[in-house]
Structures are given as structure tokens and as C-alpha cells.
4 protein chains.
Amino acid sequence: MTVSDVVELEGHIIDSGLMERAFTVVMDLGGEFDIEEFSVGTTKTAESYCRMRVIAEDEASLQPILHELHQSGATLASPTDATLEPAPADNVVPDGFYSTTNHPTDVRIDGEWVPVADIEMDCAVVVENGGPDEVTARTKVLNAIEAGDSVVTGDAGIRVRPPERPRDSSGPFGFMRGGVSAERPSRSLIRDIAEAIAETKAQGGRVLCVAGPAVIHAGGGPGLARLVREGYVDAVSAGNGFAVHDMERSMYGTSLGMDVETMEHPRKGHKHHIYTISEVIRAGGIEAAVEEGLVEEGVMYECVTNDRDFVLAGSIRDDGPLPDTITDAVEAQNAIRRQAHEADLVLMLSSLLHSVAVGNCLSSTTRTVCVDINPATVTQLLDRGSAQAVGMVTDVGTFVPMLAEELLE
Amino acid sequence: MTVSDVVELEGHIIDSGLMERAFTVVMDLGGEFDIEEFSVGTTKTAESYCRMRVIAEDEASLQPILHELHQSGATLASPTDATLEPAPADNVVPDGFYSTTNHPTDVRIDGEWVPVADIEMDCAVVVENGGPDEVTARTKVLNAIEAGDSVVTGDAGIRVRPPERPRDSSGPFGFMRGGVSAERPSRSLIRDIAEAIAETKAQGGRVLCVAGPAVIHAGGGPGLARLVREGYVDAVSAGNGFAVHDMERSMYGTSLGMDVETMEHPRKGHKHHIYTISEVIRAGGIEAAVEEGLVEEGVMYECVTNDRDFVLAGSIRDDGPLPDTITDAVEAQNAIRRQAHEADLVLMLSSLLHSVAVGNCLSSTTRTVCVDINPATVTQLLDRGSAQAVGMVTDVGTFVPMLAEELLE
Amino acid sequence: MTVSDVVELEGHIIDSGLMERAFTVVMDLGGEFDIEEFSVGTTKTAESYCRMRVIAEDEASLQPILHELHQSGATLASPTDATLEPAPADNVVPDGFYSTTNHPTDVRIDGEWVPVADIEMDCAVVVENGGPDEVTARTKVLNAIEAGDSVVTGDAGIRVRPPERPRDSSGPFGFMRGGVSAERPSRSLIRDIAEAIAETKAQGGRVLCVAGPAVIHAGGGPGLARLVREGYVDAVSAGNGFAVHDMERSMYGTSLGMDVETMEHPRKGHKHHIYTISEVIRAGGIEAAVEEGLVEEGVMYECVTNDRDFVLAGSIRDDGPLPDTITDAVEAQNAIRRQAHEADLVLMLSSLLHSVAVGNCLSSTTRTVCVDINPATVTQLLDRGSAQAVGMVTDVGTFVPMLAEELLE
Amino acid sequence: MTVSDVVELEGHIIDSGLMERAFTVVMDLGGEFDIEEFSVGTTKTAESYCRMRVIAEDEASLQPILHELHQSGATLASPTDATLEPAPADNVVPDGFYSTTNHPTDVRIDGEWVPVADIEMDCAVVVENGGPDEVTARTKVLNAIEAGDSVVTGDAGIRVRPPERPRDSSGPFGFMRGGVSAERPSRSLIRDIAEAIAETKAQGGRVLCVAGPAVIHAGGGPGLARLVREGYVDAVSAGNGFAVHDMERSMYGTSLGMDVETMEHPRKGHKHHIYTISEVIRAGGIEAAVEEGLVEEGVMYECVTNDRDFVLAGSIRDDGPLPDTITDAVEAQNAIRRQAHEADLVLMLSSLLHSVAVGNCLSSTTRTVCVDINPATVTQLLDRGSAQAVGMVTDVGTFVPMLAEELLE
């Protein structure tokens, strides 16, 4: 005796890799398939369609296959409404809760497909049903779940829509490409990234820059400050260290005590870091420090002066911290989440911790650029599965000035 | 016209590198020196002594030289009492505050040298003077400074005592050695590390293990759990992710959804991570989860069962987090600081973030072992300047089982 | 006006990624397609078939598309014989020569498909036509081309057969997977690799081990020697340095002067390396050195004693070199090429240079295991496109002993 | 009973680290010392002097200590002539041969100190004694030793002169510094490197550039070609791959088949690599290819046109190779050795293999600049112990254009 169920795939399912993935899932998980219908888009823009019966030895083997097919964009041939169960307590999900992918997703409520708002990975889906036309669904991370929330469970009534390969070239952005090649001409790639940023801005999009302290040490501060000032970067997501190094540079011309021009250590320099924090605390925060003239240039200065959004998320490595740094991790995540959801292109510069935190909150449809000297970092960040990502293994200290030149000169 | 001042160095100042460093400091910072007296320890155990006049063009050039010499262990020939100034506000240090090294340090108050308690790098020194025999000095990080605290300023009246090279071999531990060589026989080095741990325990010392989630993914969980159970590890410092992966392994046999034995992904597995957190929250925390039988083995289980100290510090990468995770960065640092100050040997396993946080709180006299697959991580951690550190670039998934075998079999 | 041509794809073309690749090629290169026929294998073992008309603006645009489709396994719907042209001179190929992939390949001569022997990447195909049933085709690297050789040009009459995804799980070996995950339990993966080696031997296959000097430094020498002795490794491909370190270990107990047990540097030790070479030269070579009792254990000793094939390829880094080291790069490549063609499973241990050299000569059907501490090295080696490859980022000094234990105990 | 001997150290022995090293050697190797005389240079330019009796339990313990002290620059208090023994056979050194460091060295023959020519590491010293004033000594690598050569054995009569720390700042060059910091402003460091090159040229010195193929892939070709043309680079040391990629770029505008401007793969592109070699072979070599107009720009073009010295050393990774590539490793080493001995500053760009080969032949007094994206490579190259070395972890594709701009604009 075997059991089976029927799923459908639709769209550019061959070149977007969905058919390959579907076949692989079934075989890897020990199932069989029977293609009941397959119509291939005979031209580049025509869509394909596949109806496939999936067969397994028993229900326990079939369910994981269906689940996995489902996460890859297949839908059950005869859709039913999503199953909802109340959260048993705050921060607790019901058994069998549906855990999201980072792809656009719909849930079926009362026969209607409702899009899930704020899609990001590994969340629960909470539905508010205020009657016809007033049904909403959105993601909630575990710590936002409240007792009684209507949480989607199982796979039924859920439709995942993985991004499809663009019909034309997508510039430097690879389609669902985890890998990264170091063997590209660096300047050409920087030019392409500049174009993507300019294009995003031209279309009214928002650019979020995630920046680590290495941007400042390596000498990328002035370039990034210019990009903030000229509006190519709309928001900055960073840590306490980044902001301190940036302001230390303005206040003392040093970064961690090293003169950023001469590279000499004006001994006593290592105190500058702590003293910068102390002085900004005394002033009452970054905005106050800018206003009282303590900080006269740099990324934070430009953020304050040009009213750009910034989030400084605290970590256990921090000195100080600054009054502006959000020390609670959950609160900081919420601020980062807002930035991520608003962004159309994210530029990740030499910051594994903050880039992962931002990346966790991104939909697969957000353009992502990762720049790091460490290829393992770039690979890890691209692996998150953005449909349009480009990774570059380079020196942020040469990348940022060159990018600024491409965009501003 | 030139200005000058006289400093003294004393002890095993040649082979511990202090004389070299002193000469270098003067030359690098553009000064001159005149050796007024130099007596070299003529035998291995005899100490040396040097009195050196340092000459510079003006006071502005002289002070940085003296400061740097001072940080390296030189003392002014004619010591005066330390200068104290009240902190102007909470979290604000007075101008010219003295910023600590990670070496044992004394401050001179009323003609007496008082040791600074809880020495760690980049802190202020706060003195409480309750009269003769009731003077204490201790480090305070910026966020612990309270308005009115008596803070040491300048370099006068401060004595730094960098560790001296041991008179005999220190086993695998290099003396003040930042570098790390990959070209050593791995098993021999693991054996030496096991001996250092056993020796520390035999002397009644305390071993702190800083562990990243890779310890669990790579299969090091059971070995580390045994070391905790058998008392070779007294305390664990980790993050939310480490604890979740460890308990997911006990609850589902998976880590991030991958079966840790068969390495197969039981699809649906990626939900295990979130569900583990949800269930532990439901139970009321890790201890409750162990007690109700939800978690039956692993590192956290052994910590709870054997009453080992653990700290879980939150970060912006966390899912959940667990109720036991300290989400506030300052509060988490304080917990980590306590662990670091209590430790005699710190074993850092595949966790850059947590290892840096712990390392920031360590005195240069605490033995440190860093293990990571990434040589840059090991180098960065050893650069902090422990007098007795050993770095090993290896796979934590093979290191932990081998270490456990050496210690337990 | 447009031009077009028709290609066919056949086999497990969906789940092996050929269809996805074909669609992508056409779109990336600016063409259009029209699917004239598509029959999908309705069950797991049934094959699929696709006939596709490819359309481009002109011949100059069409040819690259057809070429690329062809390299990916598509064949022209109406095959013709391959075009042959004589090589104009030694080491010179005719204009438009066909450059091989590493996939099994046939050429059509007199209406018959002839398999190309010794397939490897980036070679020319030379045909010897001695009349019916006496036609042979084989790869030749540039430096083997002789004036007058019949060299295949263009794409016509060539059939490339990329490996298909196995119908069942292939153990630790990923299908055409370039990436490598560090997040696997190390011991489980080592166990799987041991099983693959044992399986290869049980099937009468041949295991080639490519080993760098780090194997010896890290303490993997004894384990590898045992694998050679017990016949789990049939052949060794290494450099001069590997052999010298290995024999230095036997002659002096050191590797580059470091005692491999105690890790102490018996000063004078750095001379051991040169002196080892000098003594082996004096003896007349490795075999003679083993016979006269100069070398009494180790990998080279076991190779000589058990008559295992070894190749030592010279490089510009070498000291000496040993008399057994092939100093001419072309001659060394030929020796390596022979080893590669004979191997059924290749185990690459911590040697980028030699692993690339061996990898260049491998067909995509040879199983490959890459072990290195540097993830970039593993990625680079896996990128060569073996259909069955597994990469492991680990410490060769712990990997080799564990592998030997799995296989021998 | 103990045995002892007396050694002397002289010069800037404290700040150059020699005293520290001497004390450490004695203690690490289990000896004792008795300082018989110590006079410290009381001012910056005055030299110091130390006479030290070294005591050990027996001769077997004493000799390694003396040897090691000796390699570090100590001399026996009562020097004798060097001991000479004839080489027993070609490529064979006598027992106890003296193996060189990379520091300037003298040998004492007939009571006179004779400098050793062509100093490099791990060589034998061969003396030709043609009578008074006609005594010469020079290094010979093992494969250059001829039967009967007078080879220095033991440590007696040899004087090693490790470089001393410069009395003033040495710009970006660290003194005997193995480590490398990524936390420097990249542009400032590039500017400093440019100045060091310009200074070397202004002093009539010679700049050797060791370049890997990544220089071309990453887009550094045009910049390096300009530096060759304008005479900032006097000689190039590279491999077959570098030259092929460079000429492929000129002939087809591609590198390994990728268009270096647009980064698109003109499919068929992977054949360009082989075809480039084939065409250059047809022309008769690189010079001929330049002359017949086949190659019209690039690094090799500039080398030929401006008569710059280049060496292409073969390796087992090579395609082809080109007729200009020296395929024999020993012959190639000799050519590299000549380049290394002539160089005053060596710029190593993204080539581990060739940089190690060149580095092996360098005296510790040659300035060295290492640039690589992989910090482990930079560390490994700097560890060789140049007295004046600077390492930079950056992207060669941004480094070379910026360096060319600094020097040429």
C-alpha cells in the first residue's frame, strides 16, 4: 500500500530551478512521482505548468516530501483553507506551527488568498480575521507572539512564491546564487554595484547600508559619509563600535588610537575610544554632540545633519555604550527589522554580526550586496537566499572610496 | 632646550622584552635616552635594573613617551601619589583619566601602593579612601562610573607590572605571543592542552569554556557535555544559539534541522530550532525544561544537573530568545565579567563574539586557549596580550572529542 | 531576419539541471527558444526528451548559444560528422579547435559515434582513422599535439554526456555541488568518507591520495602510512617537500626541525630538512634509502615496501630536490595525468597545487574528496565540476588519524 | 660537572631583540648563563656589548644552545677559523655542514673575516681559497654542490649579522615583524608603499614584482603594465598562467574567457586561454608574438618593448606551456634566484607559490611588500624574516590601480 497526493507547479519553473528542485526533493526523500500533466512554455515568456502525483510508502514519509515541495513553491492541487490555532501563551507557538520561508507567501482564509505581510524567514504567520475584506496575515517572530494569536499550522492553505529568474539579465546580481567568485575585475564590479544603487535611487527606492567598524579603520569613513550626505544611502544599520570609531575620527583624527592619515599611534590614543564615548554621554547623545559642535564630520554627523535613519544595535563587545545604542537585543532586532523591511537594496560592508541580523529580516526579493575581505563571510551572507545578490571579496578600504567616486564624480 | 624625566625598569626586563620595548618606544616617538644605570642579572634568576633618562624636545613630546613607557612597566624614578578627580557625571570620566592595561597594576595613595582589583583593559581606576588601611582601588568600566567617583587621572602614581617570562618552559603556552602556527602536530598539541586543563584543575583552578554554536553543529556537543559533567569545565559562557542547538539536539536529534548522526535533513527540521525555543519558554526556562524531562542530555543538561555556572548572552542574531538569555548587552557583559574574573584558564571554542567579550575582561595573567578553524580569529583573540596563550587552528568537531578522550580515558 | 537551429536534450534532463541550464544559456546570451517537443519522464526512472529550436538575430549570436548548449549536453538534431583539421605544427592547434569539457564525450566519424578516451578538460581531441572499426579518438593536451594530428574543430559531430543525478542517494557525495558546508558533524562525515573508500576498494577500484606537506607537519604521517600499507591508498601524488618531511620524520623524528611528538625545536633541527635530502641523494634515491635502512617508516617507506605507485612532482619552492622528484613540469604532469586517469576515488589532503594539477586531469565521473583547513581551497577544488565530490573543511592532523581508525580498527 | 663557553653580542642588541632572544634561547634549551660583562649604549646611537658565559650540563646540551645563539648573532669570544670539509659527491653535503640563515654572514678563513656572497636561507657555504686576498665564500644550494667543494661545517668561525632596528622610523616597513594588521587605512598604506617604491628607484635601486594570475583576473593588468612601462617595476617574476592571462587579455579582451570589462563570458571564451598559448607557440614565443603584432598591450608587451627582465617559471598547473616558460624547476629556481639577488625591493602580488620561491632567495635586508586577499598568505610570506617588510591584506584588483595612480599621476 502506498499513499499519494497531487501538487502543481506553475510559472518559469524550469529555468528558475523549481522543477529540478521538485524532482530532487522527491528522490532525496525516498518518494516516487508520476507526472500527470506537463506543459512547457514554448517561448521565453510563456509559463510552464506541471501537475505531479507524489507517492510514498506511508503518510509519515509523504508529509515531509509534500512539506518540502510546498516550501519550494508547489501547491496542493486541491487547496483548502489554512488551519489556525491559538497560541497557547505569550512567546509560545502551537504544535505544528507553520514556519515561514523568506519568499512571498499567501495564506488561504475563507477561500481567499491573503498575502502575508512583512515576510521573513523562520517566523510564525498570525491571521486577524475581521470578517470579509478585513482579513490580514503577517509574520511574527517568536518573541512577538501573544497568547491567543491565531497562528497558521501545517502546510495546507499556504502558497509560497519563490522568485523567478528574470527574463533579461539582472546586471551584477546573480539569481539565487550562493557562491561568489573572486576572479572578477574589481573596478568593473564596483561600477556595476554603483549603477544598481543609482538605479534603485532613481526608482524611488531606499538603500540601507550595514557597516562594521572596519569601514572606519580601513579609511572608508569619508566616502560613506559622502554617500549619506548625497542621499545614496538612506539608512545606516551598525553597532556601537562603528559609531564610536566614526566620531573618534572626527574628534581626534584617530580610530582606535591610530591616526587614520599617518597611521601612527599617537600614544595615549587608545584612550580616545573611551573618551569619545564619555564625551558623547556628557553631551547627551549623538545628536546633541553634533549640535554642540563636538562632532563635525563623518557618517554619524551626516546622518544627524541630513536626517538619515540610523540604528545602533548593542553587543557584548561594546565599550560604553553610547546613549544612542540600543542595548536590549530584542528591542534592537525590532529596530533592525523595520529598517530591513523598508529597504529596497541592502549594502553590507564588513560586518558579519549586523549583516546576519539584517539578512534574517529580509525577503528574498530585496537586492543585496555583500562586501567583505573574508570569502567565508560573503558566502555565509549570500547563502541566505536572496534572489538578487552580489558578493564581492575585497577591501572595504578601497571599495568605499571607489564606490563613492563612481556615484559622485 | 630639551626636557627630560627619569624612569626605572626592574625585574627580568631583558628576556621579557621590556628593555627592547622601552628603547623602541623612545625611538619611535622621536625621543633620546641616556642610560644612567644598568645592572644586568648575571644569572637566570637574578633580576636586572635600569634607570634611564628620557629626553625630548618639549613637554608635549615627552609626555606620550613617558606614558607609553609607563604602560610597558617603567615607573617614574621619584614616584608621587596618584592624582584623583571626581567623575563629573554618571558614565562620564574626568579629562585625562587613566585607562588601564590588562596587566596587574598598583596605584599610590598616601604613599602606599594599593593593588587595583579586577584588572582588565580600557577601564578607569576608582579609589575609595576610607583612611589608613582602608584604601581600595578597582577598575570600573564606563557604564559603571557614578558621579563623584574618585577616578585616577594622568600617569603619576601608577605602577604597571607586565608578566615576566617564566623561568622554565610554560608548556604549550607561548609568552606574549600573538602569532599562531598551523604547522604543529594536532594530536600532540591537544594532549598538551588537556594537560594544562588537568593541571589547572589539580591546582584547584577554574576552567571557563566559551563555546559557539559550531561546537554543536560540528558534533562536539557530547564531548563538551562530558567535560562539564566530569568537572573539567566549571563554567560555560555562550549565546542563545549555542543553548538552543544543544537542546534541539537532545529534543529532536537535530541541529538546525540536520540530523547530527546521519547528516540528513529531516525536512521540517528547520522548524525544530524555533520549536525548541518555544517549548523551553513554555516550560519556563532551561532548568525547568531539564526538570520536566524535556531536555535529557547535552551541555545545558549537564550544567543544570551538575550545578555549573552558565551565562547566555543575547545578540541581535538570536531567535527567540530563551528565557535564560540575558538580552541586555550591559547586563550580559557584567555576567561575563564575573565569569572572566573567576577563571584561571579560558578555553575559547569557535566563538569570535563571545570570546572577544570574555577576552576583554581578562587579566594578562589568565591562561587562554583559542581554538578556531579560521586563523584570523585565532590571531585576533591571541593579540589581546595574554602572557600565557595558545592558539590552535583546527576543527572543533574533531578537537572536542579528542580533548575529551585525552582527559577522560 | 533571424537564424535558428534545433537541438535535442535527452535523459534525466530536469533533475540533473540540464533543462534549467539550457533555458538559462539561451536567455543569458540574448536568444529566444521555441520548444518543439517536450516529453517528461513521468516516473523516477523514465527519461525525458526535449527538442528545442534556438533563435538568434544572426549567425554570430547563434553560434555561441549553440556552443554553450552543446557543452551542456545538448546535441544538434541532425548530427553530422565531426570536422577534422591537421595540426599546423607541434604544440599548435588549428583555428577553431574543439576544447573539451571534463564530461564523457563522443565524436562522430563516418557516421559512427566514437568515445573520446582519457577525457579531461581543456584538451584537443585527436582522431586516428585506420578505417572501419579502427577509428579512435582521444584527448591531447597542447604540448602533446604533433604536426599533422587530426584535430576536431567546431562543435559539429560532438556529443557531450554530462553526468546525471543518481537515482538514489549518493552518500556524502554531492551532485555537481560546488559549495561546502562547515556545519556538519565532523566525525559522521569522516565515517562516510571512510565508507566511500572502503566501497571503492571492495569494488576493485583504485584510490589516489594527493597529499601536501601539512599532512606530515600536522601529524597525519603515521595514519597515512598505515592506509598505504593496508592498501586503502593505492597511489600517492605529492611534491618533493612532502617526501622530504616524511623521511625526515623517520630519520630524525622531526618535521622541518620540529619534534613531531614533543613539538620542541631541537635547534639545529632546520638543517635536518636539507640533510635528509643530501643523505637520500647519497644513497641514490628513495628506494635505495629504504633498502639501506636509512628510512624505516612513513609514507614513502610504505610506498616502496608495498610497491605502491608514487609521483613526486617538482616545484620552484623545493629544496634539493630528491632524485625521485620529477623536476620538469611537463614530464611531471604526464605522470600525474596517468595517476589521475587510473583513479576511481581521489583523496585530496591539504595540497592546493598538487590537487589542482590532479583535478585538471580528472573526468567529471571520478569521485573526489577534498580536505583542507582553508574553505577557499575546498571551494576552488570542488568548483572543477566533479559529479561526485565531497569537501570538508577540517584539520588534516585530526582528519587522517580518525580516517585511519575508521578504516583499520 | 657542567661545561660552558663564552659568547659575545655587540651592537644595538637590546632594541633589535638580540639580548631578549639570547636569554630566551638559553632558558628554553635548559641552560644557565652568567653575564661577565654588559655595557649598555647609553644613548640612542651608542652600541651595547655583552659577554655571556653559557653553562649546560654536558656538551650535548651546550652545543645546540651555542648554535642557536650563534644563528642569532652571537659570536664565540675566541674565534677560530671556520672548518672546511670537501663535499663527498655532487649534491651531497658533508656531515655537520653549516646551514645559512638569511642574514649577512662572514666566515673566518686564515684569520680573516670573509663575507659570504649571495646570502640566502638554508644553503651551504662554499669557500674558494686562492691564497691571501683571493679567498671567497658564497652560498650554494644543494643542487649546486659539486664533489670536492670546500663546505663550511660546524658553527666555529662564522659570524651572523642580523639586521638592527633602524635608528629612525622606517616608514610602513615593520622591523622583523611577522604579523599584519588589517586595521589600517588602505589608501594611506598604498601611498606609503608608493613612496617606498619611488624612493628605491630614486636611489638607483631595482624593483622586482612577483605577480600571480589574479592580478589580471582582478583587473590589475593595465596598472601593472604602466608601472613596467614607466620603469617603476624593473623585473617581473611570474608563472605561465600570468603571462597567458595577460596576453589573452590583449588578444581577445578576456581573461580565462571572461570579458574583463563587461565581466560577461563570451561563451567559447574558455578556449581563448589554450588558443592564446597555441598562437604564441606558433609565433615562436612572447617576443616574436609582440613583434608580429599578435600582442599589443599588457604586462608582457611592456616587458618586451621596454626590455624589462622577466622570468616565467613553470608549474604542474600550467596549460601549454608557453615557449618562454622554464619548465624545469631547478633551472627556474636559478633564474628566480638571480632576480631575487638583484632586487632592492620586492613587491609580491597575489602569488603564494612564486612569492615563496622568490622569498626563499632573499637576504633579510631586502625590502619586501606582500599584498594578498588572504591574511594567511601574507602572514606566511612575512614570517620568512625580512628586516623590512610590510604586509597588506587587500584586493589586488583595487590595489594595483591605486598604486599606479599614486606613482604616475
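These numbers come from a predicted model, not from an experiment.

Asker: Just give me the short version of the overall build of chain A, but keep the residues and values in it.
Answerer: Along its length, chain A carries 13 helices and 20 strands. Considering chain A as a whole, with its 409 residues, one finds that 61% of them fall into the buried category. For chain A, the accessible area works out to roughly 14400 Å², and carbon and sulfur atoms hold 44% of it. Between the centroid of the 30 positive side chains of chain A and the centroid of its 66 negative side chains there is a distance of 6 Å.

Asker: So what about the relation of the copies chain B and chain A? Which residues, and what values?
Answerer: Of the two same-sequence chains, chain B is brought onto chain A (RMSD 0.0 Å, axial shift 0.0 Å) by a rotation of 180 degrees. Those values place the two copies in the arrangement expected of a two-fold rotation axis. Taking C-alpha positions as the reference, the residue of chain B nearest the rotation axis is Asp328 of chain B, at 2.1 Å. In this assembly the copies share their binding face: 100% of the residues contributing to the interface of chain B also contribute to that of chain A.

Asker: Any chance you could break down the sheet that holds strand β2 (residues 32-39) of chain D for me, citing the residues and the numbers?
Answerer: Residue and element names in this part refer to chain D. One open sheet holds the 4 strands; their spatial order is β2-β3-β1-β4, and the pairing between them is antiparallel. Two strands close off the open sheet at either side, each with one partner strand: β2 and β4 (75-76). Note: β2 against strand β3 (residues 48-56), 7 bridges, orientation antiparallel. When the sheet's bridge partners are listed, Phe33 is paired in β3 with Val54. Together, β1 (3-11), β2 and β3 form the strand contacts of helix α1 (residues 18-28), whose direction differs from that of β3 by roughly 5 degrees.

Asker: Give a description of the domain arrangement of chain A that names residues and reports values.
Answerer: Residues and elements named next belong to chain A. Split by domain assignment, chain A resolves into domain 1 (1-78), domain 2 (79-166) and domain 3 (186-408). The C-alpha centroid of domain 3 is placed 33 Å from the C-alpha centroid of domain 2. Each side of the interface is counted separately: domain 2 has 10 residues, and domain 3 has 13 residues. Note on domain 2 versus domain 3: buried area summed over both sides is about 920 Å², and carbon and sulfur give 47% of it.

Asker: For the interface of chain B and chain A, give the residues involved together with the corresponding values.
Answerer: Of the residues lining the interface, 52 residues belong to chain B; the matching set on chain A comes to 53 residues. Between chain B and chain A lies a buried interface of about 4600 Å² when both sides are counted; carbon and sulfur atoms form 62% of it. Where chain B touches chain A, the interface holds 0 salt bridges. Counting across the interface, chain B meets chain A through 16 residue pairs in polar contact (both at pLDDT 80 or more). Elements with a contribution of two residues or more to the side of chain B that touches chain A: α1 (18-28), α2 (59-71), α7 (270-283), α10 (329-342) and α11 (352-360) of chain B. In terms of residue count, the dominant contributor to the side of chain B that touches chain A is α7 of chain B (8 residues). A breakdown of the residues in the side of chain B that touches chain A according to their chemical character gives 22 nonpolar, 17 polar and 13 charged.

Asker: Summarise α7 of chain B; cite the residues concerned and give the values.
Answerer: Residue and element names in this part refer to chain B. The end-to-end C-alpha distance of α7 is 21 Å, a good match for the 20 Å that 14 residues give at a rise of 1.5 Å each. Most of α7 is tucked away: 12 of the 14 residues are buried. Taken residue by residue, α7 has Lys271, His272, His273, Ile274, Tyr275, Thr276, Ile277, Ser278, Glu279, Val280, Ile281 and Ala283 as its buried positions. At the C-terminal side of α7, Gly284 shows a positive phi close to 105 degrees.

Asker: Give me the lowdown on the pattern of salt bridges, citing residues and values where you can.
Answerer: Residues and elements named next belong to chain C. On inspection of all chains with the given rule, the structure shows 88 salt bridges over all chains. Residues Arg51 and Glu37 are paired through a salt bridge, measuring 3.0 Å at the closest nitrogen-oxygen approach. Here the residue Arg51 occupies a position in strand β3 (residues 48-56), and Glu37 occupies one in strand β2 (residues 32-39), the gap between them amounting to 14 residues. You can call Arg51 partly exposed: its relative accessible area is 24%.

Asker: I'd like a description of α1 of chain D, backed by residues and values.
Answerer: The buried count for α1 of chain D comes to 9 of 11 residues, which makes it a mostly enclosed element. Looking at the buried positions of α1 of chain D, the neighbouring elements they touch are α1 of chain B together with β1, β2, β3 and α2 (59-71) of chain D.

Asker: I'd like to hear about the UniProt feature "domain: LOR/SDH bifunctional enzyme conserved" (unreviewed entry) in chain A, residue by residue, with values.
Answerer: Mapped onto the present numbering, the UniProt feature "domain: LOR/SDH bifunctional enzyme conserved" (unreviewed entry) falls at residues 5-103 of chain A. Helix makes up 24% of residues 5-103 of chain A and strand makes up 30%, while its end C-alpha atoms are separated by 24 Å.

Asker: Pulling in residues and values, what's your account of the sheet that holds β3 of chain C?
Answerer: Residue and element names in this part refer to chain C. Taken together, the 4 strands give an open sheet; going across it, the order is β2-β3-β1-β4, and neighbouring strands pair in antiparallel fashion. Edge strands, defined here as strands with exactly one partner in the open sheet, are β2 and β4 (75-76). Across the face of the sheet, helix α1 (residues 18-28) comes into contact with β1 (3-11), β2 and β3 while running at roughly 5 degrees to β3.

Asker: Lay out the environment of Asn360 of chain B in plain terms, naming residues and giving numbers.
Answerer: Along the polypeptide, Asn360 of chain B turns up in helix α11. In this structure the C-alpha to C-alpha distance between Asn360 of chain B and Arg384 of chain B, which are 24 residues apart in sequence, comes to 7.8 Å. What Asn360 of chain B contacts, discounting residues up to four positions off in sequence, is Arg317 of chain A together with Glu120, Met121 and Arg384 of chain B.

Asker: Outline the packing of aromatic side chains, listing residues and values.
Answerer: Across all of its chains, the model carries 10 aromatic pairs over all chains by this definition. Taking NZ or CZ as reference, Lys271 of chain C lies 5.3 Å from the ring centre of Phe97 of chain D, over its face.

Asker: Give a description of a negative patch on the surface that names residues and reports values.
Answerer: A surface patch of like charges, here negative, comprises Asp110, Glu112, Asp133 and Glu134 of chain A. You can see Glu112 of chain A is positioned in strand β7 (residues 112-117).

Asker: Quick rundown of the packing of helix α3 (residues 186-202) of chain A against helix α13 (residues 396-408) of chain D? Include the residues and the values.
Answerer: At a closest axis distance of 8 Å, the pairing of α3 of chain A and α13 of chain D adopts a crossing angle of 100 degrees. Judged on the interaxial angle alone, α13 of chain D and α3 of chain A are roughly perpendicular. Here Ser186, Arg187 and Ile190 of chain A of α3 of chain A lie close against α13 of chain D, whose contacting residues are Gly397, Thr398, Pro401 and Glu405 of chain D.

Asker: Got a sec to walk through the environment of Thr153 of chain C? Specific residues and values, please.
Answerer: Residues and elements named next belong to chain C. The residue Thr153 is located in strand β10 (residues 150-153) in this model. Put simply, Thr153 and Met52 are 101 residues apart on the chain and 24 Å apart in space, counted from C-alpha to C-alpha. Ignoring anything within four residues of it in the chain, the contact list for Thr153 reads Thr83, Glu85, Pro94, Asp95, Gly96, Phe97 and Tyr98.

Asker: If you had to explain the side chain of Thr139 of chain D to someone new, which residues and values would you point to?
Answerer: Residues and elements named next belong to chain D. Within the secondary structure, Thr139 sits in strand β9 (residues 135-140). Thr139 gets classed as buried once you look at its relative accessible area, which sits at 5%. A polar side-chain atom of Thr139 sits 2.6 Å from the main-chain carbonyl oxygen of Asp118.

Asker: Go over the pairing of strand β1 (residues 3-11) of chain B with me, naming the residues and quoting the values.
Answerer: Residues and elements named next belong to chain B. Direction of pairing for β1 relative to strand β3 (residues 48-56): antiparallel, over a ladder of 9 bridges. Directly across from Glu10, in β3, lies its bridge partner Tyr49. When β1 meets strand β4 (residues 75-76), the two strands line up antiparallel, connected through 2 bridges. Along β4, the bridge assignment pairs Glu8 with Thr75.

Asker: Residues and numbers for the environment of Glu342 of chain A, please.
Answerer: Along the polypeptide, Glu342 of chain A turns up in helix α10 (residues 329-342). As a C-alpha pair, Glu342 of chain A and Leu208 of chain A span 134 residues in sequence and 8.6 Å in three-dimensional space.

Asker: Could you give an account of the confidence of the model for chain A, naming the residues involved and the relevant values?
Answerer: Confidence in the prediction of chain A, expressed as mean pLDDT, is 90, and 93% of residues score 70 or more. The ipTM, which scores confidence in the relative placement of chains, is 0.92 for this predicted complex, and the corresponding pTM is 0.93.

Rules used throughout
Residues numbered from 1 in each chain as written. Chains lettered and ligands numbered in written order. Predicted model: local features only at pLDDT ≥ 70, side-chain atom pairs only at ≥ 80, totals over all residues. Heavy atoms only, no water. Helix = DSSP H or I, 4+ residues; strand = E, 2+ residues; numbered from the N terminus. Buried < 20%, exposed > 50% of the residue type's maximum accessible area, 1.4 Å probe, protein only. Areas by Shrake-Rupley, 256 points an atom, 1.4 Å probe, with all protein chains shown as cover. Lys, Arg positive; Asp, Glu negative; His and termini not counted. Charge placed at Lys NZ, Arg CZ, Asp CG, Glu CD. Least-squares fit on C-alpha atoms with pLDDT ≥ 70 in both. Contact = heavy atoms within 4.5 Å. Pairing = 2+ DSSP bridges. Axes fitted to C-alpha atoms, helices over the stretch in contact; angles between N-to-C directions. Domains from an automatic or database assignment. Buried area = accessible area lost by both parts, 1.4 Å probe. Salt bridge = Lys/Arg side-chain N within 4 Å of Asp/Glu carboxyl O. Polar contact = N/O pair within 3.5 Å; in protein donor to acceptor, adjacent residues only side chain to side chain. Nonpolar A, V, L, I, M, F, W, Y, C, P; charged D, E, K, R; others polar. Expected span 1.5 Å × (residues − 1). UniProt positions renumbered as here; feature names shortened; annotations may be inferred. Phe/Tyr/Trp six-rings, centres within 6.5 Å; stacked < 30°, edge-to-face > 60°. Lys NZ or Arg CZ within 6 Å of the ring centre and 35° of its normal. Patch = residues over 30% accessible without salt bridge, like charges linked within 9 Å, V, L, I, M, F, W, Y side chains within 5 Å. Parallel < 35°, antiparallel > 145°, perpendicular 65-115°, else oblique. pLDDT = per-residue confidence, 0-100.

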